2 protein chains.
Amino acid sequence: MELYRIGIIGSGSFGTAIANIIARDVQNKSVFDDTVKIWIFDEQVRIDGSKELLSEYIKRERENVNYLPHVKLPENLLFMTNLKEVVQKSDILVFVVPHQFIEKIVQDLKSMKLKKKIACSLMKGTLFSEETAEIVLISNYIEKELGWPCSAVMGANIASEMHKSVCEMTIGSRTDGDLLKQLFNTPQVKVNVVRDKTSVELFGALKNIVAIAFGVARGLQLSINTQVSIMRRGMLEMIEFVKMVDKNADKLTILESCGIADLMVSCITGRNAGCGTAIASKGLTIEKIEEDMKGQKLQGTLCAYEVMMYLRKKNVVDKFPVFATVYGICYGKMDSNQILKVFEE
Amino acid sequence: MELYRIGIIGSGSFGTAIANIIARDVQNKSVFDDTVKIWIFDEQVRIDGSKELLSEYIKRERENVNYLPHVKLPENLLFMTNLKEVVQKSDILVFVVPHQFIEKIVQDLKSMKLKKKIACSLMKGTLFSEETAEIVLISNYIEKELGWPCSAVMGANIASEMHKSVCEMTIGSRTDGDLLKQLFNTPQVKVNVVRDKTSVELFGALKNIVAIAFGVARGLQLSINTQVSIMRRGMLEMIEFVKMVDKNADKLTILESCGIADLMVSCITGRNAGCGTAIASKGLTIEKIEEDMKGQKLQGTLCAYEVMMYLRKKNVVDKFPVFATVYGICYGKMDSNQILKVFEE
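The name given to chain A in an unreviewed UniProt entry is Glycerol-3-phosphate dehydrogenase [NAD(+)], and the organism recorded there is Trachipleistophora hominis. We quote the UniProt Catalytic activity (unreviewed entry) comment for chain A here in full: "sn-glycerol 3-phosphate + NAD(+) = dihydroxyacetone phosphate + NADH + H(+)". Per its UniProt entry, chain A bears the Sequence similarities (unreviewed entry) comment "Belongs to the NAD-dependent glycerol-3-phosphate dehydrogenase family."

So, in structure tokens, the structure goes:
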């Protein structure tokens, strides 16, 4: 039997964390090749004053010092700088690059005229056209552009803590759910498969808007009752929004790890909730907050903008007061304490 | 038109908090009498060395110094020590006494041969028979013993914070939902009505078991991914358990304030989660923890015991690993780190 060869596209913190777990466990699985390849977009690192390529450093030290420090990576995880080589030598591709690079990468792959692969996306975000105000799932974009079936894999997992203990993931898949479950399910990662890919993928993006709302309420020192009530209403908007995008979406998908659990982690410890708190308690703007993040982008603020444009086009802004208020607060059109507007009838 | 007269049975912290909110708002509502009565089980308070009856103190100072300090209570909230008088002069009765007193109170009321009333219970717990290992909803007990329709009112609301900002409540009712919504809905309390009373009432009890599990994971310093995954699995057990008790229960009730929101508040700030953390991080027993609580009982540990007896009788312990593990840890039959057993297939 031919073994499925695994390639991971992206070696940031989440990519490296998931690659570490997959590579450690793949040797116990009979249907996958023992070597896991991961594509690295190379950069320089400075260690004790001397410069070195990150890929060279990782090969020698088995540690992704830039994105997942203090985690020893296994020998069967091969970091490769040639994207084409990684993809050509893989049957299953895991996409986990920063959101803003996916279109360029997919177009590069398209030009390579590759054989058909099985794909899945771990990316929490959507593609958005300013002109049409249409929201496109990244997994659907990959399917359409490359002609490969693409599933979505999401869940409550902070990258830096994944290797420490147990977590869960949800696979949204209409085609390769069983195979991908074999790949992602390990003693440390418990996987559930659902057919409702739209909810799985969109929840991963939308929960960041709700986390900002929760953070704003926390920053205003509103009661925990209020904070959690805002979160709950945001959760209901997540469900309604997904239903607009895909009428076959299933409300019960919110009970999966990609739903309520990922939302709760994001509210308790996430960066977007922290952004909401900083806006409300210190009056910071999102520009200032992103500046302090050294160029990293806040997913939630971008998502709040895209979602607002979509809601306006559909003429349903009134039905989504949490999303609309977060947009207003982030983009300087509302004061933080207007978060309480979400409770108005 | 005759106005509905309101009586509240119980003046602990939650009883006083809800009475405060109802009394403040009842004057703006045309169908209710302007005076709200609340039954107080009297006790002595010591202020600056001198003793006084709590009821006298409250009447003078408009503050329930023992159970809801620093909250000024309105003049139209009448504290009365005669239970029969409160009930006779009321049309709608709100039950919110500590769990262990409800049977005595209901039997007292039964002996009084009163006119039919509209009842609702805000009590988070169940009645349990050691002999039969049957779980009885408090609202059903009131209905059966007194012949009054009784709804359940639950939600994510920490008593001491209710007056500060906005919160939500869920009314589970098959009979008086609209009327009770008029009573409980205020600018500060947003109410939703569902017919699925069983879920509403049982979630209020069961979430405390899950909060202990979350607290144990926190006490062991497991990753936030793991903590939240344990909470999610506990939430699924809550849904399954309710379904066993009432096959007409609706899975979507978990999305109400009484479900996921109350669970989340309990995990983040609740006493039961704190108990789980103390067991796991300091090795305390539940006896020691309750001792430090000056005689107050932990709802979650009692509920874990009752639920375990019920699961054993039904022969389904294996299907509820979160509930079973919390029982084992609380009653000294398992080590805290066996909480990870909930992830075993």
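### Let's talk about the layout of surface pockets
Where empty space is left can be seen by rolling a probe of water-molecule size over the atoms. All names here are of chain A. The space that makes up the second largest pocket amounts to roughly 1,600 Å³. In terms of lining residues, the second largest pocket is bounded by 47 residues, among which S13, F14, R271, Q296 and Q299 are the most central. At the level of secondary structure, the elements contributing two or more residues to the lining of the second largest pocket comprise α1 (13-26), α4 (102-111), α7 (197-219), α9 (257-269) and α10 (271-282). Split by residue class, the lining of the second largest pocket holds 20 nonpolar, 19 polar and eight charged. Counting residues domain by domain, the lining of the second largest pocket receives three or more from each of domain 1 (4-197) and domain 2 (206-343).

### Here we look at the UniProt feature "binding site: NAD(+)" (unreviewed entry) in chain A
All names here are of chain A. Sites flagged by UniProt as "binding site: NAD(+)" (unreviewed entry) map to G10, S11, G12, S13, F14, G15, F41, F101, A159, R271, K297 and Q299. The named residues occupy 290 residues along the chain; their greatest pairwise C-alpha distance, 23.9 Å, places them well apart from one another. Restricting the annotated residues just mentioned to those that line the second largest pocket leaves G10, S11, G12, S13, F14, G15, F41, F101, A159, R271, K297 and Q299. Its place among the elements puts S11 in the loop between β1 (4-9) and α1. A relative accessible area of 8% places S11 in the buried class.

### Notes on the interface of chain B and chain A
Taken residue by residue, the interface counts 40 residues in chain B and 40 residues in chain A. Both sides of the chain B and chain A interface together cover about 3,400 Å² of buried area, and 67% of this is carbon and sulfur. It is B:N225, B:L255 and B:M264 that lose the most area in chain B upon contact with chain A, and together they represent 20% of the buried surface on that side. Where chain B touches chain A, the interface holds four salt bridges.

### A word on the sheet that holds strand β7 (residues 118-121) of chain B
All names here are of chain B. Spatial strand order, β5-β2-β1-β6-β7-β10-β11-β12: eight strands in an open sheet with mixed pairing. A single partner strand is all that each edge strand has here, and the edge strands are β5 (77-80) and β12 (189-194). With direction set aside, neighbouring strand axes in the sheet form an average angle of 25°. Along the sheet, helix α7 (residues 197-219) makes contact with β10 (150-154), β11 (167-172) and β12, crossing β10 at roughly 50°.

### Thoughts on the domain arrangement of chain A
Residues and elements named next belong to chain A. Here chain A is partitioned into domain 1 (4-197) and domain 2 (206-343). Taking the mean C-alpha position of each, domain 1 and domain 2 sit 26 Å from one another. Between domain 1 and domain 2 lies a buried interface of about 1,800 Å² when both sides are counted; carbon and sulfur atoms form 55% of it. Along the contact surface separating domain 1 from domain 2 lie three salt bridges.

### Examining the environment of B:V193
Residues and elements named next belong to chain B. Here V193 shows up in strand β12. When the C-alpha atoms of V193 and I171 are compared, they prove to be 4.6 Å apart, with 22 residues separating the residues in sequence. When residues no more than four places from it in sequence are discounted, the contact partners of V193 are I171, G177 and K181.

### Here we look at the packing of helix α8 (residues 224-245) of chain B against helix α9 (residues 257-269) of chain B
All names here are of chain B. As a packed pair, α8 and α9 sit with axes 12 Å apart at the nearest point and diverge in direction by 140°. Taken together, α8 and α9 sit at an angle that is classed as oblique. The handedness of the crossing between α8 and α9 comes out as right-handed. Across the interface between the two elements, M231, M235 and M238 of α8 pack against I260, L263 and C267 of α9. Its residues assigned to classes, the contact of α8 with α9 comprises six nonpolar, no polar and no charged.

### Structural notes on the confidence of the model for chain A
The share of residues in chain A with pLDDT of 70 or more is 99%, and the mean pLDDT across the chain is 95. Scoring the predicted complex yields pTM 0.96 and, for the interface, ipTM 0.95.

### Overview of helix α4 (residues 102-111) of chain B
The periodicity of an α-helix, 3.6 residues per turn, causes residues three or four positions apart to be oriented the same way. All names here are of chain B. Listed as buried for α4 are I102, I105, V106 and L109. On an axial view of α4, the arc spanned by its buried residues comes to 95°, and they lie on one face. Facing away from the buried side of α4 by over 90 degrees, the exposed positions are K104 and S111. For α4, the elements touching its buried residues are β1 (4-9), β2 (32-39), α3 (83-88), β6 (92-95), β8 (126-129) and α5 (138-146). K113, located one to two residues past α4, shows a positive phi value of around 50°.

### Notes on the pairing of β6(B)
All names here are of chain B. In β6, alternate side chains face the same way, and those of I92 and V94 on one face and L93 and F95 on the other are all buried. Two elements, β1 and β6, share four bridges in a ladder whose sense is parallel. Bridged to G7 within β6 is L93. With four bridges joining them, β6 and β7 adopt parallel strand pairing. Following the sheet pairing, F95 is matched in β7 by S121. For the handedness criterion, the β-α-β arrangement of β6, α4 and β7 is classed as right-handed.

Criteria and thresholds
- Residues numbered from 1 in each chain as written.
- Chains lettered and ligands numbered in written order.
- Predicted model: local features only at pLDDT ≥ 70, side-chain atom pairs only at ≥ 80, totals over all residues.
- Heavy atoms only, no water.
- UniProt positions renumbered as here; feature names shortened; annotations may be inferred.
- 1 Å grid on protein atoms, 1.4 Å probe; cavity = no way out; pocket = protein on both sides within 12 Å on 5 of 7 lines; lining within 4 Å.
- Points joined across faces, edges and corners; volume = space filled by probe spheres on them.
- Helix = DSSP H or I, 4+ residues; strand = E, 2+ residues; numbered from the N terminus.
- Nonpolar A, V, L, I, M, F, W, Y, C, P; charged D, E, K, R; others polar.
- Domains from an automatic or database assignment.
- Buried < 20%, exposed > 50% of the residue type's maximum accessible area, 1.4 Å probe, protein only.
- Contact = heavy atoms within 4.5 Å.
- Buried area = accessible area lost by both parts, 1.4 Å probe.
- Salt bridge = Lys/Arg side-chain N within 4 Å of Asp/Glu carboxyl O.
- Pairing = 2+ DSSP bridges.
- Axes fitted to C-alpha atoms, helices over the stretch in contact; angles between N-to-C directions.
- Parallel < 35°, antiparallel > 145°, perpendicular 65-115°, else oblique.
- Left-handed = near helix turned anticlockwise from the far one by under 90°.
- pLDDT = per-residue confidence, 0-100.
- Arc of directions from axis to C-beta.
- Right-handed = clockwise from strand over helix to strand, strands pointing away.

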